[in-house]
Amino acid sequence: MTEERYPINIWINEERYEKLKNAGLADMCEEMLAGLKVLRVYCTEAQKDKILKVFPTAKFDSATTKSIELLPRDVKDKIFDKIVEKKSVDIMEEFLSQY
Amino acid sequence: MGEIGHGGKEIKERIMAPSEAKEKIKGLTAVPVRSQIANEIIDIAYGFFTPLEGFMGRADLESVCKNMRLTNGVVWSIPILFDLSDQELSDYGIKEGDTILLTYDGNPMAIMEVEEIYKYDKKEICQYVYGTTEEKHPGCARTYKYKDNFLGGKITLVNRPKINPPFDPYFVPPLELRKRFREKGWVRVVAHQTRNVPHTGHEWLMKGAWLQTYGELPIEKPLVGVLVNAIIGEKRKGDYIDEAIILCQDELRKAGYFGDHNHMTTLTFWDMRYAGPREAVFHAALRANLGLTHHMYGRDHAGVGTYYGPYDAHHMLEELKEDLSITPVYSMNWLYCPHCGEITSEGLCNHRDEWQKFSGTVIRSIVQDGVKPPKLIFRPEVFDLVMECAEKYGFGSPFVTDEYLEKRTPVFNILPLE
């Protein structure tokens, strides 16, 4: 059975979109909710639990979207920068290793 | 006969004229109260909590816990309690039979006739009311924080609260609100319970509930309204600030997504207990007192975490409906379907694989990331107002921060008695 994975939605504002375009990664974005651009970074159950512990403002939306929300913006910026650096959304293990 | 509220009891304001109050409070022992108790004093005095006339005594508390009814048989689901420590009782010298003066902001607020002083097992309260004794349940945490003695007895407000801007137009007590409904010609009014800035999922919950409530009524003139009754109480960091909640809810009317003919926003002072089904029953009583005929309930109404099933509240309301003077209206979730290109109900659309659900939490996350959501998801007028509120009231943030908690203007003050 495939392990359940939970997304962090990195919503793409203008600043982030510029960075993605400059890195040639604009195609990595998905479109959701009538036109919002988003990068979805998936976490394992263990990574989800660690995130909720390390960042107490974060919330797992268990009822509606099954996604990890309300990470502080600067933390999301760091995750975003790591994605741009690695040109991949598969970065959570490395990102969380520093915490 | 006056206005009839929850449980078939007449709504009577328990408020003393200032001239009489000045005399009555002379020589009474002054006991300061915290914001939760001040909120509940207002609710009792203005009739939001009809038929309660004061804080509960032991028999009512026990009956509410075990039978979900007051001792007079009226359905009531949440204990309304006033607590003091042994030390406070001793310091103030309070005993049964005394009349005391409750103060807030250092000024006289209400007199209380202390009929009873008693202790009660807080764990037992939690088990009955919240279905758990876990401290991480916010309702249990609040219960465990009560001091060790409960004081039961009638309350009379001696000093009306001064509601501060921008909240002042939204504080409309039950008797006044019922008058306004009559002036509008509404024969049915459906409640929308909220502690949120509205996204279009909320807007459609209201629109759906309005349609359900309209039912078989004639349509030649507007007969049905939605009352957004925002709960204003204790804030947690990360919540939307109160000013954004109340003003943005009203913005849906002002910006034309609703109109004066079918939409109104008011507030009730209450610290949420997150008691799920029991809180749903409490909301039914509260909104019946406000003069509402219907109450919208979505999934997991007033729940928290995974303590309650998504439809537990609906089941409890069905069990009690003969004793509630309000009709529950059950609402399915609204979501965005890219195939339909619109907000739709999960009970209508069958593009299930394409559905994109969204929640208040997701919208908060989008706003926090500095992104303006599309108008199908979040109305631009609401977004602009959220940002305006952040600057005007939130010290730069639409969400509650330490700075907001420390420096905000209170929703109400109790001023010196003139």
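Residues numbered from 1 in each chain as written. Chains lettered and ligands numbered in written order. Predicted model: local features only at pLDDT ≥ 70, side-chain atom pairs only at ≥ 80, totals over all residues.

## Side note on the interface of chain B and chain A
- Contacts between the two partners involve 21 residues from chain B, matched on the other side by 20 residues from chain A.
- Here the side of chain B that touches chain A gets six residues from one element, more than from any other, and that element is helix α12 (residues 360–368) of chain B. (Contact = placed C-beta atoms within 7 Å. Helix = DSSP H or I, 4+ residues; strand = E, 2+ residues; numbered from the N terminus.)

## A closer look at the nonpolar core
- Counting residues in each nonpolar core, the largest one holds 139 residues, and the members touching the most others are Ile41, Leu102, Met109, Ala110, Val190, Ala244 and Val386 of chain B.
- In this structure Leu102 of chain B touches Val31, Val33, Ile41, Met109, Ala110 and Met112 of chain B, once residues within four positions along its chain are discounted. (Core = buried A, V, L, I, M, F, W, Y, C linked by C-beta atoms within 7 Å. Buried ≥ 20, exposed ≤ 12 C-beta atoms within 10 Å, placed from the backbone.)

## A word on the pairing of strand β1 (residues 6–11) of chain A
Residue and element names in this part refer to chain A.
- The buried fraction of β1 is high, at five of six residues.
- Examined bridge by bridge, β1 and strand β3 (residues 36–43) share six bridges and lie antiparallel to one another. Bridged to Asn9 within β3 is Arg40. (Pairing = 2+ DSSP bridges.)

## Here we look at the domain arrangement of chain B
Residues and elements named next belong to chain B.
- Partitioning chain B into domains gives domain 1 (6–160) and domain 2 (168–413).
- Taken together, the 24 residues of domain 1 in the interface contact 27 residues of domain 2.
- Sorting the residues of the side of domain 1 that touches domain 2 by element identifies α2 (35–46), α5 (122–130) and α6 (138–145) as the ones contributing at least two each.
- If you tally residues by element for the side of domain 1 that touches domain 2, the top one is α2, at five residues. (Domains from an automatic or database assignment.)

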